[in-house]
Amino acid sequence: MIISYNEAVSPLFDAPRVKDTASVAAARQFIAAVRTSGGTNIHDALQRAVSQPVGEGRLPVVLFLTDGLPTVGETFEKKIRDRIAAANTGKRRIFTFGVGTDVNTPLLARLADDSRAASVFVLPKEDVEMKVVSVFRRLAGPQVAEPVLSAKNPDGSLAAGRTDEILPTPLPDLFAGDARVIVGRFRGEQPITFNIRGRGPKGDVETR
């Protein structure tokens, strides 16, 4: 589904459509007719995107592109984040793609982080193609979805109470080729190991 927005929000279809010859042709015609004008209604566009039905057995995603600040409708950053999080009952990953210098970087980054996705920003004179490639690699799906970090003692038991202030929380989905840094504190002198478990393309996975 494609949604164009300025002051108003204009979806191509009333609901998500399966990719086929007809829907691709309609999408190309729709995009070719888009013109830059008016304000930037980020809140309502995202509300419409995350409110779409989710297909069974699919990991739903939103690719949100913008080159501006929210200027129409709700413009307060925290209210936008809170309302989108509340509306995102299908747990859609919101990948954000900001172009230029006139974007709300913290808002786009938090929308992505809160939904376990990733944000990408393109500055003037940067290689847009490389940034687009990185986004579409992630859209193919994570290697580990909804990862959970746990600490264990040498005997395999959970190291309860020995770690805190783990960041980021929650952990983002893990994609092929990504490098993630996880920081935190642990107590005591006894060694501990860290395990990550989650959902992979072929079922549950666990690694350390």
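Report on the accompanying structure. All values reported here derive from a predicted model rather than from experimental measurement.

1. Topic: the sheet that holds strand S10 (residues 203-207)
Now for step 1: Spatial strand order, S6-S9-S10: three strands in an open sheet with antiparallel pairing. The open sheet is flanked by strand S6 (145-152) and S10, the only strands paired with a single partner. Neighbour-to-neighbour, the strand axes of this sheet turn through a mean angle of 20°, independent of strand direction.
Now for step 2: Two elements, S6 and strand S9 (residues 193-200), share six bridges in a ladder whose sense is antiparallel.

2. Some thoughts on helix H5 (residues 128-139)
Now for step 1: Taking 1.5 Å per residue as the helical rise, H5 with its 12 residues ought to reach 16 Å, and the 17 Å between its terminal C-alpha atoms agrees with that figure.
Now for step 2: Turning to H5, its buried residues number three or more, namely Ser134, Val135 and Arg138. For H5, the angular spread of the buried residues around the axis is 95°, confining them to a single face. Exposed side chains of H5 directed beyond 90 degrees from the buried face belong to Glu129 and Phe136.

3. What about the packing of aromatic side chains?
Now for step 1: Evaluated as defined, the whole model comprises two aromatic pairs.
Now for step 2: Judged by centre distance (5.5 Å) and plane angle (15°), the ring pair of Tyr5 and Phe64 falls under stacked. Taken together, the positions of Tyr5 in strand S1 (residues 3-5) and Phe64 in strand S3 (residues 61-66) put the pair 59 residues apart, joining distant regions of the chain. Each of the two residues, Tyr5 as well as Phe64, counts as buried.

4. Things to note about the pairing of strand S5 (residues 119-122)
Now for step 1: Covered by surrounding structure in S5 are Val120 and Val122 only, the residues Ser119 and Phe121 on the alternate face being uncovered.
Now for step 2: As defined by bridge partners, strand S4 (residues 93-99) adjoins S5 across four bridges and the pair is classed as parallel. Within the sheet, the bridge partner assigned to Gly98 lies in S5 and is Phe121.
Now for step 3: What joins S4 to S5 is helix H4 (residues 105-114), and the crossover it makes is right-handed.

5. Side note on the side chain of Asn88
Now for step 1: If you trace the backbone, Asn88 turns up in the loop between helix H3 (77-87) and S4.
Now for step 2: A relative accessible area of 13% means that Asn88 is categorised as buried.
Now for step 3: Within the structure, the side chain of Asn88 is placed 2.8 Å from the backbone nitrogen of Arg92, a separation counted as a polar contact.
Now for step 4: Those residues within four positions of Asn88 in sequence are excluded, and the remaining contacts are Val50, Ile94 and Ser115.

6. Describing the nonpolar core
Now for step 1: In this structure, Leu46, Val50, Val62, Phe64, Ile84, Ile94 and Leu111 are the most contacted members of the largest nonpolar core, which totals 16 residues.
Now for step 2: For this core, the secondary structure elements donating two or more residues are helix H2 (42-50), S3, H3 and H4.
Now for step 3: When residues of this core are assigned to their parent elements, the largest contribution, five residues, is made by H2.
Now for step 4: Dropping the residues within four chain positions of it, Leu111 is found in contact with Leu46, Arg81, Ile84, Ile94 and Thr96.

7. Details of the layout of surface pockets
Now for step 1: Taken as a whole, the second largest pocket spans an internal volume of roughly 260 Å³.
Now for step 2: The set of elements that each furnish at least two residues to the lining of the second largest pocket consists of H3, S4 and H4.
Now for step 3: Among the elements that take part in the lining of the second largest pocket, H3 stands out by supplying three residues, more than any other.
Now for step 4: Taken together, the residues that form the lining of the second largest pocket break down as five nonpolar, two polar and seven charged.

Definitions and cut-offs
Residues numbered from 1 in each chain as written. Predicted model: local features only at pLDDT ≥ 70, side-chain atom pairs only at ≥ 80, totals over all residues. Heavy atoms only, no water. Pairing = 2+ DSSP bridges. Helix = DSSP H or I, 4+ residues; strand = E, 2+ residues; numbered from the N terminus. Axes fitted to C-alpha atoms, helices over the stretch in contact; angles between N-to-C directions. Expected span 1.5 Å × (residues − 1). Buried < 20%, exposed > 50% of the residue type's maximum accessible area, 1.4 Å probe, protein only. Arc of directions from axis to C-beta. Phe/Tyr/Trp six-rings, centres within 6.5 Å; stacked < 30°, edge-to-face > 60°. Right-handed = clockwise from strand over helix to strand, strands pointing away. Polar contact = N/O pair within 3.5 Å; in protein donor to acceptor, adjacent residues only side chain to side chain. Contact = heavy atoms within 4.5 Å. Core = buried A, V, L, I, M, F, W, Y, C linked by side-chain atoms within 4.5 Å. 1 Å grid on protein atoms, 1.4 Å probe; cavity = no way out; pocket = protein on both sides within 12 Å on 5 of 7 lines; lining within 4 Å. Points joined across faces, edges and corners; volume = space filled by probe spheres on them. Nonpolar A, V, L, I, M, F, W, Y, C, P; charged D, E, K, R; others polar.

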